[in-house]
Structure formats: C-alpha cells, structure tokens
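Per-entry structural report
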Amino acid sequence: MGVEGMLFYCIFVTGYKFSKMNTGKKYSKRDLIEDFVLLNECFARRYNLSWRDAFNYLKQYGGLAFYEKHYGYEHTQSYESSVDTLAEICKRNGGTVG
C-alpha cells in the first residue's frame, strides 16, 4: 500500500478524525498524518503486522491518540524510539503486542 493509500485508509476508511492540534501554527495536521503513516509502517514491520492491523491496534489501544497529543516531542525522536513508546502505551491500555 502506498502512502496515498495509507492516508486514505487513516482518514476515510477508519473514520478517525485527527483533533485540532494545540501546537499553534508550528505543525500542520498533514505533517502529523504523514509522520504517523511512516511510524505506523515501522510499528507494523517490527511486530509482523499488516499496515492496517498495526493502525487498528494503535487506534484501539491509545497509541494514535498519544502520538497526536505528544507530536511536538515525539516527532523529534527516532522512529525506533517512538515505536517503543507506542508499544508501552498500548500495553498500559490492554494491548498485547510488543
């Protein structure tokens, strides 16, 4: 699945609505979504999940909401570090991957 397909899946297929970010004009919603698409791909590869399964897992167990809320910090970290963080957040919320 290409980046465009992933963006389409995030927004239109799942119905997920990224909230209005409280980051002022420093970061755009598009930046957040594009970074999350790449992070989701890293998460999926590390845990041998399909891209869709990884997205649904992160959405269900709070990883997506966490990344959105803390984007200002998380986007400055490596994808490897962010995957570790999201796995831990999801575990705290009942997830079993990681």
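So, here's what we can say about the structure. Predicted model, so just to flag it, every value in this text is computed and none were measured. (Residues numbered from 1 in each chain as written. Predicted model: local features only at pLDDT ≥ 70, side-chain atom pairs only at ≥ 80, totals over all residues. Heavy atoms only, no water.)

1. Here's the deal with the overall build of the protein chain
In terms of helices and strands, the protein chain carries 6 helices and 0 strands. In sequence order, the secondary structure elements of the protein chain are arranged as α-α-α-α-α-α. For the protein chain, the residues scored as buried account for 40% of the 98 residues in total. A separation of at least 24 residues holds for 65% of the contacts in the protein chain among residues at least 6 apart in sequence. Element-wise, carbon and sulfur atoms account for 50% of the exposed surface of the protein chain, whose accessible area totals about 5,900 Å². (Helix = DSSP H or I, 4+ residues; strand = E, 2+ residues; numbered from the N terminus. Buried < 20%, exposed > 50% of the residue type's maximum accessible area, 1.4 Å probe, protein only. Contact = heavy atoms within 4.5 Å. Areas by Shrake-Rupley, 256 points an atom, 1.4 Å probe, with all protein chains shown as cover.)

2. Considerations on the environment of V97
Along the chain, V97 falls in the segment after α6 (79-92). For V97 and L58, which are 39 residues apart along the polypeptide, the C-alpha to C-alpha distance reads 10.0 Å. The contact partners of V97, leaving out residues within four places of it in the chain, are F43, Y47, L49, Y57, A87 and K91.

3. Thoughts on the pattern of salt bridges
Scanning the model with the defined rule gives 3 salt bridges in all. R45 is the salt-bridge partner of E41, the closest N and O atoms lying 2.8 Å from each other. Pair noted here: E41 and R45 are both in helix α2 (residues 29-46), with a separation of 4 residues, about one helical turn. You can call E41 partly exposed: its relative accessible area is 22%. As a salt-bridge pair, D84 and R46 come within 2.4 Å of each other at their nearest N and O atoms. Taken as a pair, D84 in helix α6 and R46 in helix α2 lie far apart in primary sequence, 38 residues in all. Note on D84: relative accessible area 39%, which makes it partly exposed. With a relative accessible area of 35%, R46 lands in the partly exposed category. (Salt bridge = Lys/Arg side-chain N within 4 Å of Asp/Glu carboxyl O.)

4. Some words on the packing of α2 against helix α3 (residues 51-60)
One way to put it is that α2 packs onto α3 with a least axis distance of 9 Å and a crossing angle of 105°. Regarding the angle of α2 to α3, the classification is roughly perpendicular. When α2 is examined against α3, the residues F36, V37, N40, E41, F43 and A44 are found in contact with a partner set consisting of W51, A54, F55, Y57 and L58. Of the residues contributing to the contact of α2 with α3, the split by class is 9 nonpolar, 1 polar and 1 charged. (Axes fitted to C-alpha atoms, helices over the stretch in contact; angles between N-to-C directions. Parallel < 35°, antiparallel > 145°, perpendicular 65-115°, else oblique. Nonpolar A, V, L, I, M, F, W, Y, C, P; charged D, E, K, R; others polar.)

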